[in-house]
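An overview of the molecular structure
The residues making up each chain are set out below.
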Amino acid sequence: MSGHDHDHHHHDHDHSELSETQLRVRALETVLTEKGYVDPASLDLLIETYEKKVGPRNGARVVAKAWVDPAYRARLLKDATPAIAELGYAGRQGEHIVALENTPRQHNMVVCTLCSCYPWPVLGLPPVWYKSAPYRSRAVADPRGVLADFGVALPKDTEIRIWDSTAEIRYIVLPMRPAGTDGWSEDRLAELVTRDSMIGTGLAKSPKDIAK
Amino acid sequence: MNGGQDLGGTHGHGPVKPEPNEPVFHDEWEKRAFALTLAMGMPGGWNIDMSRFARENREPGEYLSMSYYQIWLAGLVTLLEERGLVTEKEIGAGHALAPPKPVKGILSPGDVAKVLYRGGPTERPTNTSAAFKAGDRVRTKNINPLTHTRLPRYVRGRVGTVDRVIGYHVFPDSNATGAGENPQWLYTVQFDGPELWGADGDPAIKVSVDAWEPYLDPV
């Protein structure tokens, strides 16, 4: 690997036989490095950023703050990008964010039928299912069926609103605050906020769920 | 293009399979393919719409049988080869066989955080006014370009309501072909389930897409 000692390769022990794809990626990285187009240290930093720093805990903090602070909630729903930047989250794949408020009347669910658009600064990189054909095909036509795949059943009279992310607008769902959480701190509330609840394929956990 | 990527409303893909405690990456090569794709944006000189087209522009069966990072890898190789930055022979050899071409610059480790934080906003200034306002009824055009578009098939030729005027944004259909950003007014357009799916549609759903003005006609 270009003379660099990448410690991430030390985790390869359970793959004794390298796949064709793995060999191809290694070859490509070597060629690009030899040509001076990439610095492997930058690659390590990019990976570390999305593995360790940017993920759904960011979004959970945004949601928890919106649950306890009505003025913040209002700013978030009016113009989410600057409201989210107040907490330090901004940038790539979150340049223009819109927050969608779930209510007993309306449940919001986000998809990208054409590729994998997802609000990276608040949710990190998308899970495999979000990028896969079953979700992308059915979310816009049979959202109740998709929710059933996640074990979620909504009341019949709840309208489901699906947002297909076809432009550079990225959506984050503001789930409903669970009952029985009066007086909870933001930190404690953030533990109830799941990634899926911010995509709309899940609900926030109840206090009972985390007591288990 | 009406390719394998345009999945909305297609059948036969089976149930969604959530993976409990899913890792961010499933293999070492996924990490490297992801990072190479991000890092090559600057020296490669392409834009996000060109990247999307490079990924989707393949035989649908191939698109659907590849994992998502395999699609990214294939798209990256296409973009690199198109620009003569890398050849298939070099990938096969695992070494550079030709001297590098001059590039705009490369992503240095010191710039990673800054570049990610800045991102790539697509809103552009304008002194034009939007043709539509919230509440207007619009019909999407029935377009079928062989090139990149962000108007999915399942909403073409359908009547919806403008939910929100988003702003004036880079137009992917132009940007993907190298014809320039050609920014246009962008709207969130909402459709009723039955307008999209007929009698088979759930009447209690509404679906929206973000659609640029050239995709829309007044009703």
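All figures in this text were calculated on a predicted structure; none of them were measured in a lab.

Quick look at the overall build of chain A
Helices and strands together make up the secondary structure of chain A, namely twelve helices and four strands. Reported as C-alpha extents along the three principal axes, the dimensions of chain A are approximately 60 × 40 × 35 Å. Buried positions account for 50% of the 212 residues belonging to chain A. Here the contacts in chain A between residues at least 6 apart in sequence split such that 72% fall between residues at least 24 apart.

Focus: the interface of chain A and chain B
Taken together, the contact pairs 67 residues of chain A with 71 residues of chain B. The element that contributes the greatest number of residues to the side of chain A that touches chain B is helix 1 (residues 20–34) of chain A, accounting for eleven residues. By residue class, the composition of the side of chain A that touches chain B is 33 nonpolar, 17 polar and 17 charged. As judged from the five bridges shared by strand 3 (residues 159–164) of chain A and strand 4 (residues 205–212) of chain B, these two strands associate in the parallel manner. Its bridge partner being in strand 4 of chain B, D164 of chain A is matched across the sheet by V209 of chain B.

A few points about the pairing of strand 2 (residues 159–169) of chain B
Residue and element names in this part refer to chain B. When strand 1 (residues 137–140) meets strand 2, the two strands line up antiparallel, connected through three bridges. Residue pairing across strands places R137 opposite T161, the latter belonging to strand 2. In terms of strand pairing, strand 2 meets strand 3 (residues 184–192) through seven bridges, oriented antiparallel. Looking at the pairing, V162 lines up with V189 of strand 3.

With respect to the packing of helix 1 (residues 28–39) of chain B against helix 5 (residues 68–82) of chain B
Residues and elements named next belong to chain B. Where helix 1 meets helix 5, the axes come as close as 9 Å, and the angle between the chain directions of the two elements is 40°. Of the possible angle classes, the one that applies to helix 1 and helix 5 is oblique. Seen along the crossing, helix 1 lies across helix 5 with a hand that is left-handed. Listed contacts from helix 5 to E30, A33, F34, L36 and T37 of helix 1 are Y69, W72, L73 and L76.

Considerations on helix 1 of chain A
Residues and elements named next belong to chain A. The end-to-end C-alpha distance of helix 1 is 21 Å, a good match for the 21 Å that 15 residues give at a rise of 1.5 Å each. The complete set of buried residues in helix 1 reads R24, V25, L28, E29, T30, V31 and L32. Taken from the residues just after helix 1, G36 is the one with a positive phi, measuring 80°.

Some details on the domain arrangement of chain B
All names here are of chain B. With domains assigned, chain B is organised as domain 1 (28–118) and domain 2 (137–218). For domain 1 and domain 2, the distance between their C-alpha centres works out to 29 Å. The interface is formed by five residues belonging to domain 1 together with four residues belonging to domain 2. Partitioned by chemical class, the residues of the side of domain 1 that touches domain 2 number two nonpolar, one polar and two charged.

So, helix 3 (residues 56–68) of chain A
An α-helical segment advances 3.6 residues per turn. Residues three or four places apart therefore align on the same side. All names here are of chain A. Compared with the 18 Å implied by 1.5 Å per residue over 13 residues, the 19 Å span of helix 3 between its first and last C-alpha is a close match. Taking burial as the measure, the 13 residues of helix 3 include ten buried ones, the bulk of the element. Buried within helix 3 we find P56, N58, G59, A60, R61, V62, V63, A64, A66 and W67. Packed against the buried residues of helix 3 are helix 4 (70–78), helix 5 (80–85), helix 6 (120–123), strand 4 (169–174), helix 10 (186–190) and helix 11 (195–199).

Details of the packing of helix 3 of chain A against helix 4 of chain A
Residues and elements named next belong to chain A. Running from N to C, helix 3 and helix 4 cross one another at 125°; their axes reach a closest spacing of 5 Å. Between helix 3 and helix 4, the interaxial angle falls into the category oblique. Pair helix 3 / helix 4 crosses with left-handed handedness. Of the residues in helix 4, those in contact with V62, K65 and A66 of helix 3 are Y72, R73 and L76. For the contact of helix 3 with helix 4, the per-class residue count stands at four nonpolar, no polar and two charged.

Here's the deal with the sheet that holds strand 2 of chain B
In spatial order, the strands read 2(A)-3(A)-4(B)-3(B)-2(B)-1(B)-5(B); together these seven strands make up an open sheet with mixed pairing. For this open sheet the edge positions go to strand 2 (106–111) of chain A together with strand 5 (216–218) of chain B, each flanked by a neighbour on one side alone. Here the average twist between neighbouring strands, direction ignored, is 35°. Sheet topology note: the strand 2 of chain A/strand 3 of chain A ladder contains six bridges and is parallel. Following the sheet pairing, N108 of chain A is matched in strand 3 of chain A by R161 of chain A.

Considering the environment of S174 of chain B
Residues and elements named next belong to chain B. Along the polypeptide, S174 turns up in helix 8 (residues 172–175). Exposure remark for S174: the 19 C-beta atoms within 10 Å place this residue in the partly exposed category. Spatially, the C-alpha atoms of S174 and V86 are 26 Å apart, while their sequence positions differ by 88 residues. The residues touching S174, leaving out its near neighbours within four places in the chain, are A179, G180, E181 and N182.

Details of the nonpolar core
Judged by nonpolar contacts, the single largest core of 113 residues is most densely connected at L46, V63, I162 and I172 of chain A together with L36 and A39 of chain B. Ranked by residue count, the leading element in this core is helix 5 of chain B, at eight residues. Apart from residues no more than four positions distant in its own chain, I172 of chain A is found in contact with G59, A80, I97, A99, P119, V122, L123 and M198 of chain A.

Here is what the cut-offs are and how they apply
Every chain's residues receive numbers from 1 upward, in the order its sequence appears when written. Starting at A for chains and at 1 for ligands, labels are handed out in the order in which the entities are written. With pLDDT at 70 or above as the cut-off, local features in this predicted model cover only qualifying residues; side-chain atom pairs require 80 or more to be listed or tallied, and sums for whole chains, interfaces and linings still use all residues. Think of it this way: any DSSP run of H or I at least four residues long counts as a helix, any run of E at least two long counts as a strand, and we number them from the N terminus. A residue is called partly exposed when the number of other C-beta atoms within 10 Å of its own lies between 12 and 20, exposed at 12 or fewer, and buried at 20 or more, with C-beta atoms placed from the backbone. Two residues qualify as a contact pair if the distance between their C-beta atoms, derived from the backbone, is within 7 Å. Three classes are used: nonpolar for Ala, Val, Leu, Ile, Met, Phe, Trp, Tyr, Cys and Pro, charged for Asp, Glu, Lys and Arg, and polar for all others, with Gly counted as polar. A pair of strands is considered paired only if DSSP assigns at least 2 bridges between the two. Fitting a line to C-alpha atoms yields each axis, with helices limited to the stretch in contact; the angle taken between N-to-C directions then spans 0 to 180 degrees. Here the angle decides the label: under 35 degrees means roughly parallel, over 145 means roughly antiparallel, 65 to 115 means roughly perpendicular, and every other value means oblique. A crossing counts as left-handed when the near helix is turned anticlockwise from the far one by less than a right angle, and as right-handed when that turn is clockwise. In this analysis, the expected span of each helix is defined as 1.5 Å times one less than the number of residues it contains. Segmentation of the chain into domains, including their bounds, is taken from an automatic or database domain assignment. Linking buried Ala, Val, Leu, Ile, Met, Phe, Trp, Tyr and Cys residues through C-beta atoms within 7 Å yields a set, and such a set is a nonpolar core.

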